[in-house]
Amino acid sequence: MPSRRRTLLKVIILGDSGVGKTSLMNQYVNKKFSNQYKATIGADFLTKEVQFEDRLFTLQIWDTAGQERFQSLGVAFYRGADCCVLVYDVNSVKSFDNLNNWREEFLIQANPSDPENFPFVVIGNKIDIDGGNSRVVSEKKARAWCAAKGNIPYFETSAKEGINVEEAFQTIAKDALKSGEEEELYLPDTIDVGNSSQPRSTGCEC
Amino acid sequence: MASSQSDEPAPEEREIDITTSTEPGSDVLWVRTGSEQEMDLPSSPSSSGYAGEGGGSTSATTGSLIEIEHDEEVEQEQMRIQNQIDEISISDSNTSWIPGKRHQDEDDGSISWRKRKKHFFILSNSGKPIYSRYGDEHKLAGFSATLQAIVSFVENGGDSVKLVRAGKHQVVFLVKGPIYLVCISSTEEPYESLRGQLELIYGQMLVILTKSINKCFEKNPKFDMTPLLGGTDTVFSSLIHSFSWNPATFLHAYTCLPLSYATRQAAGAVLQDTADSGVLFATLMCRHKVISLVGAQKASLHPDDMLLLANFVMSSESFRTSESFSPVCLPRYNPSAFLYAYIHYFDADTYLMLLTTNSDAFYHLKDCRLRIETVLLKSNVLSEVQRSLLDGGMHVEDLPTIPQYRTSHLGQHTLPSDSPESFKEANHDIGGPAGLWHFIYRSIYLDQYVSSEFSSPISTRQQQKKLYRAYQKLFTSMHDKGIGPHRTQFRRDENYVLLCWVTQDFELYAAFDPLADKALAIKTCNRVCQWIKDVENEIFLLGASPFSW
Ligand SMILES: Nc1nc2c(ncn2[C@@H]2O[C@H](COP(=O)(O)OP(=O)(O)O)[C@@H](O)[C@H]2O)c(=O)[nH]1
Ligand SMILES: [Mg+2]
């Protein structure tokens, strides 16, 4: 019996197609970056073991395509998520505007027990492009949105250069862990004594 | 790979002989009812829709469908070595098998992991891993998510996935509310067998936790049940191991330790006294065999529950060291609630299980046990049990040579014989008369079976496992829906002659030398049935049975 309990955290990454979700995930998990653009066609899963305050846990990261195909997974994709990462491209207004839709889509589908306090993390990616000159969404604007949505932690990253990626995922892990903390006693029923109407089988039905 | 040293050699069956049936119009025996949905796994990842943009050479644990497939040509050598290692570690008798998870270091990226012949997984409907036979659950989180994606994908289409064939692999799914069970196997066992095994694994989980876990998932989809199963790896691994040596796992019947009628009666009588004092079930067991079993009024214990309970008790080391009082659930009796089991070992093999609904009954049951123990010692039950363990059960070599036909019983069930000429003993050097190597007899009304000891031609673990697999296949084919009772099947391949005979009262499975004469084999089966009838008092638990029919 393992003395130290391990925890598995399901993290899903949402955002428009092309904002760099897959790149972020690969950068974090494999410390590498591929410049070739390939539209994610379905869902993909990566895992990473993380140590945090003397505890070992595993991030199970779910990656989607932007809009279309992942819809086929529906609720199943979102079910039981411990944290949701919303990603946009700081060089694209549309990808930022869509954050709201992604957040709402998540809350509807995942239907978390406490939507107000469900842990989200927002990432503004691709800050490296053009030395930041082609940027169209300001950090201020992004932070204001995060504040309005219940103080969502915010990070600006470059998956290409590996800037801030580790830090962002650190927070993701921490928040996911916090939300999964509430422990409950497991107390199944016991059969009543002297009850003659118990379900019973009469031998093998095969 | 058809290599003879592989762990589970691929059966190369040739059906030389015809199958026969005593009932006209039912001679088509190998029909499959197409009730299960089968779908072929696309070999190209891009057509699956879930393969992800395979980052190519990542060594990280990405989950995608292609992982199920593997390159046949590569690492043949490595695999052969691995198989040999496996063989060594599971050879010999069941007692030498060491329970617990092996190959903990593996994940779906390991070649050795992919080459394993039979994987079992439990996961939640959010894709979180709960149990894996091989490898580390957490390292397999990506793989587990992929399995969930497959299930959900099909479910979203308003359908359910039951079987996926991928090359020589079968992927069998069993969805139980928020719990998904998956088997990936290249053992060529029938789908029905694999599915039955998943059902048992689910049942084993219920024994430990009850169906109340469903409520936890309803309340909180993030629910992680692995902590609740902490330390139960050995329970699952020993159950999975039993799929290859314990016929109860596919016969859905239990077996008794052979004992004289008087001895079993003595044990039954003292258990009955206990049952009358508020105990629901009282069972005295020797390993996985029943010595005696008593149930309170109207309560019946399903053979599968007995199997799962005995496995739970025998695979948990702590029960051996001291008397215990543990919550357990009997899934066939009531899957949603716990009972309490008082468990005590009298010696290394023999243990008592007293099941009650009363969580405060420990001291009462301890008193019961002391009383039972006194009686068992006084009436020499425990020493008789040890003696029976040493003697073993029915040896095919001891099959009585002169059949004493009594038309009352066997007259209506005598197998049709091709050549009614008189008996000619073709006693081969090894095994029993007429080349009889082994048999299993299952009494339908008693829910009990008796299995002969293995004779010398099937003395190794490998041979025994292979024979059980062959029986299992036979069992599945005989239990195909839509075919009436009174059927026989005769199959000959290079390994054995297999004969199966199913009536309303019993099922007989017998294995003979591959060169055995058919007519003689049939006669021998009749003699086996007669023999069993003659000794039924000693091999079965009769009369004071808890089954309510
Ligand atoms: N310059 C730059 N390019 C990036 C960055 N992150 C991703 N990309 C590129 O953006 C494209 C889309 O990335 P991808 O990870 O597939 O996006 P996804 O559809 O959200 O998964 C690819 O060509 C990436 O190489 C980044 O931080 N900086
Ligand atoms: Mg992508």
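Here is what the cut-offs are and how they apply
- The written sequence of each chain sets the order in which its residues are numbered from 1.
- For this description, chains carry letters from A and ligands carry numbers from 1, given in the order in which they are written.
- Confidence filtering applies because this is a predicted model: local features only for residues at pLDDT of at least 70, side-chain atom pairs given and counted only at 80 or more, and all residues used for totals across whole chains, interfaces and linings.
- Heavy atoms throughout the structure, all of them, feed into the side-chain values; hydrogens and water do not.
- Each helix is a run of DSSP H or I of at least 4 residues and each strand a run of E of at least 2, with the numbering of both proceeding from the N terminus.
- Summary of the burial criterion: residues with accessible area below 20% of their type's maximum are buried, those above 50% are exposed, and those between are partly exposed, where the area comes from a 1.4 Å probe applied to protein chains only.
- Only heavy atoms matter for contacts: two residues are in contact if any of them lie within 4.5 Å across the pair.
- Methods summary: accessible areas were calculated by the Shrake-Rupley approach with a probe of 1.4 Å, and residue burial reflects only the protein chains presented.
- As used here, the term nonpolar core means buried Ala, Val, Leu, Ile, Met, Phe, Trp, Tyr and Cys residues forming a set that is joined through side-chain atoms within 4.5 Å.
- In this tally, Asp and Glu contribute negative charge and Lys and Arg positive charge; neither His nor the terminal groups of the chain are included.
- Salt bridge, as used here: a side-chain nitrogen of Lys or Arg that lies within 4 Å of a carboxyl oxygen of Asp or Glu.
- Definition of a polar contact: a pair of N or O atoms within 3.5 Å, with one able to donate and the other able to accept a hydrogen when the atoms are protein atoms, and with sequence-neighbouring residues admitted only if both atoms are side-chain atoms.
- For two strands to pair, DSSP has to find at least two bridges joining them.
- Looking at any residue, its pLDDT shows the predictor's confidence there, from 0 to 100.
- Every axis corresponds to a line fitted to the C-alpha atoms, with the helix fit spanning only the stretch in contact, and the corresponding angles, defined between N-to-C directions, vary from 0 to 180 degrees.
- An angle below 35 degrees is treated as roughly parallel, one above 145 as roughly antiparallel, one from 65 to 115 as roughly perpendicular, and anything else as oblique.
- By the definition used in this description, the sense in which the near helix is turned from the far one sets the handedness, with an anticlockwise turn below a right angle giving left-handed and a clockwise turn giving right-handed.
- Lys, Arg, Asp and Glu make up the charged group, whereas Ala, Val, Leu, Ile, Met, Phe, Trp, Tyr, Cys and Pro make up the nonpolar group; the residues left over, Gly among them, are polar.
- Domain start and stop positions are those given by an automatic or database domain assignment.
- By buried area we mean the combined loss of accessible area, with a 1.4 Å probe, across both parts when two parts are placed together.
- Stacked, tilted and edge-to-face are the three classes assigned to paired rings of Phe, Tyr and Trp, where Trp is represented by its six-membered ring and a pair needs centres within 6.5 Å; plane angles under 30 degrees give stacked, over 60 edge-to-face, the rest tilted.
- Here a helix's expected span is defined as the number of its residues, less one, multiplied by 1.5 Å.
- This arc is taken over the directions from the axis of the helix to the C-beta atoms.

S.K.: Explain the overall build of chain B residue by residue, including any values.
M.R.: Along chain B, the regular secondary structure elements total 15 helices and 17 strands. Buried residues in chain B amount to 59% of all 549 residues. Here the contacts in chain B between residues at least 6 apart in sequence split such that 68% fall between residues at least 24 apart. Taken as a whole, chain B presents about 21000 Å² of accessible surface, with 52% of it coming from carbon and sulfur.

S.K.: Explain the overall build of chain A to me, and be specific about the residues and the numbers.
M.R.: Helices and strands together make up the secondary structure of chain A, namely six helices and seven strands. Start at the N end of chain A and walk to the C end: the helices and strands fall as β-α-β-β-α-β-α-α-β-α-β-α-β. A burial count over chain A gives 50% of its 206 residues as buried. Sequence-distant contacts, at least 24 apart, represent 72% of the contacts inside chain A between residues at least 6 apart. Of the roughly 9800 Å² of accessible surface on chain A, 48% is carried by carbon and sulfur atoms.

S.K.: Lay out the nonpolar core with the relevant residues and their values.
M.R.: Inside soluble globular proteins, nonpolar side chains tend to come together where they are buried. B:Ile122, B:Ile179, B:Ile201, B:Met205, B:Met225 and B:Tyr471 are the most contacted members of the largest nonpolar core, which totals 82 residues. Other than its neighbours up to four places away in sequence, B:Ile201 contacts B:Phe120, B:Ile122, B:Leu181, B:Phe236, B:Leu239, B:Ile240 and B:Phe243.

S.K.: So what about the side chain of A:Lys48? Which residues, and what values?
M.R.: All names here are of chain A. With respect to the helices, strands and loops of the structure, Lys48 is situated in strand β2 (residues 43–52). Buried within the structure, Lys48 lacks any salt-bridge partner; Glu166 is the closest side chain of opposite charge, at an N-O distance of 5.0 Å. Engagement of the side chain of Lys48 in a polar contact is seen with the backbone oxygen of Tyr28, the distance being 3.0 Å.

S.K.: Residues and numbers for the pairing of strand β6 (residues 179–185) of chain B, please.
M.R.: Residue and element names in this part refer to chain B. Along β6, seven of the seven residues are buried, which leaves the element largely enclosed by surrounding structure. Judged from the seven bridges that link them, strand β2 (residues 118–124) and β6 form a sheet pairing that is antiparallel. Bridge pairing in β6 links Ser124 to Ile179. Examined bridge by bridge, strand β5 (residues 169–176) and β6 share seven bridges and lie antiparallel to one another. Bridge pairing links Val175 to Tyr180 in β6.

S.K.: I'd like to hear about the environment of B:Leu339, residue by residue, with values.
M.R.: Locating B:Leu339 in the fold gives a position in strand β11 (residues 337–345). Sequence spacing of B:Leu339 and B:Leu355 is 16 residues, and the spatial spacing of their C-alpha atoms is 6.6 Å.

S.K.: If you had to explain the pairing of strand β1 (residues 7–14) of chain A to someone new, which residues and values would you point to?
M.R.: Residues and elements named next belong to chain A. Where burial is concerned, most of β1 is hidden: eight out of the eight residues are buried. Of the two faces of β1, the one holding Thr7, Leu9, Val11 and Ile13 and the one holding Leu8, Lys10, Ile12 and Leu14 are both buried throughout. As paired elements, β1 and strand β3 (residues 55–64) share seven bridges and run parallel to each other. Residue pairing across strands places Lys10 opposite Gln60, the latter belonging to β3. Inspection of the sheet shows β1 paired to strand β4 (residues 83–89) by four bridges, in the parallel sense. Bridge pairing in β4 places Leu14 opposite Leu86.

S.K.: Which residues make up the confidence of the model for chain B, and what values do they have?
M.R.: Parts of the prediction with low pLDDT should not have their coordinates interpreted in detail. Residues and elements named next belong to chain B. Across chain B, pLDDT averages 77, with 73% of residues at or above 70. Across residues 1–95, where pLDDT falls below 50, the model places 198 contacts with residues more than four positions away in sequence or in other chains. Overall, residues 545–549 carries pLDDT values under 50, and its contacts beyond four positions in sequence, including any with other chains, amount to 19 contacts. Reported for the predicted complex are a pTM of 0.78 and an ipTM of 0.75.

S.K.: Now, about the packing of helix α8 (residues 261–275) of chain B against helix α11 (residues 362–378) of chain B: what can you tell me, with residues and values included?
M.R.: Residue and element names in this part refer to chain B. Following both chains from N to C, one finds α8 and α11 inclined at 165°, their axes separated by 10 Å at the closest point. The angle between α8 and α11 places the two elements in the roughly antiparallel class. Here α8 and α11 pass one another in a crossing that is right-handed. Residue-level inspection shows Ala267, Val270, Leu271 and Thr274 of α8 in contact with α11, the latter providing Cys368, Ile372, Val375 and Leu376. Of the residues that constitute the contact of α8 with α11, the class distribution is seven nonpolar, one polar and no charged.

S.K.: Residue-level account of the domain arrangement of chain B, with values.
M.R.: All names here are of chain B. Under the domain assignment, chain B is made up of domain 1 (15–243), domain 2 (254–391) and domain 3 (396–539). Each partner contributes to the roughly 1200 Å² buried at the junction of domain 1 and domain 2, and carbon and sulfur atoms together form 67% of this total. It is Leu200, Val207 and Thr210 that lose the most area in domain 1 upon contact with domain 2, and together they represent 39% of the buried surface on that side. The interface formed by domain 1 and domain 2 contains zero salt bridges. Across the domain 1-domain 2 interface, the total number found is eight residue pairs in polar contact (both at pLDDT 80 or more). Looking at the side of domain 1 that touches domain 2, the elements with two or more residues in it are α4 (191–209) and α6 (233–242). Here the element with the most residues in the side of domain 1 that touches domain 2 is α4; it accounts for seven residues. Looking at the side of domain 1 that touches domain 2 residue by residue, the classes come out as seven nonpolar, six polar and one charged.

S.K.: An account of the sheet that holds strand β7 (residues 254–255) of chain B is needed here, citing residue identities and associated values.
M.R.: All names here are of chain B. The strand order across the open sheet built from six strands is β7-β14-β13-β17-β16-β15, with neighbouring strands paired in mixed fashion. Each of the sheet's edge strands pairs with one partner strand only, and the pair in question is β7 and β15 (487–492). Inspection of the sheet shows strand β16 (residues 497–502) paired to strand β17 (residues 506–512) by six bridges, in the antiparallel sense. Opposite Trp501, over in β17, you have Leu508 as the bridge partner.

S.K.: Outline the pattern of salt bridges, listing residues and values.
M.R.: Across all of its chains, the model carries 15 salt bridges over all chains by this definition. Notably, a salt bridge pairs A:Arg143 with A:Glu139, separated by 2.8 Å at the nearest N-O pair. Taken together, the residues span about one helical turn, with A:Arg143 and A:Glu139 both in helix α5 (residues 139–148) at a distance of four residues. Looking at A:Glu139, the relative accessible area reads 35%, which means it is partly exposed. Several salt bridges converge on common partners, so that one network encompasses B:Glu323, B:Lys366, B:Arg369 and B:Glu373.

S.K.: So what's going on with unusual backbone geometry? Which residues, and what values?
M.R.: Residue and element names in this part refer to chain B. Non-glycine residue Ala434 carries a positive phi angle of around 60°. As for its placement among the helices and strands, Ala434 is situated in the loop between α13 (407–410) and β13 (436–443). Phi is positive for Asp447, which is not a glycine, with a value near 60°.

S.K.: I'd like a rundown of the packing of aromatic side chains, residues and numbers included.
M.R.: Tallied over the full model, the rule gives 30 aromatic pairs over all chains. Residues B:Tyr441 and B:Phe506 carry aromatic rings whose centres are separated by 5.1 Å and whose planes lie at 15° to one another, so their mutual orientation is stacked. Within this pair, whereas B:Tyr441 is found in strand β13, its partner B:Phe506 is found in strand β17, the two being separated by 65 residues in sequence. Through a chain of ring-to-ring contacts, three or more aromatic side chains come together here, namely A:Trp62, A:Phe77, A:Tyr78, A:Phe106, A:Phe118 and A:Phe120.

S.K.: Which residues make up helix α4 (residues 99–110) of chain A, and what values do they have?
M.R.: All names here are of chain A. In this model α4 runs 16 Å from its N-terminal to its C-terminal C-alpha over twelve residues, within 8% of the 16 Å that 1.5 Å per residue would give. Taken together, the buried positions of α4 are occupied by Leu99, Trp102, Arg103, Phe106, Leu107 and Ala110. Down the axis, α4 shows its buried residues gathered within 130° of arc, on one side only. Against β1, α2 (75–78), β4, α3 (93–97), β5 (120–125) and α5 lie the buried residues of α4. Positioned one or two residues after α4, Asn111 has a phi angle of 45°, which is positive.

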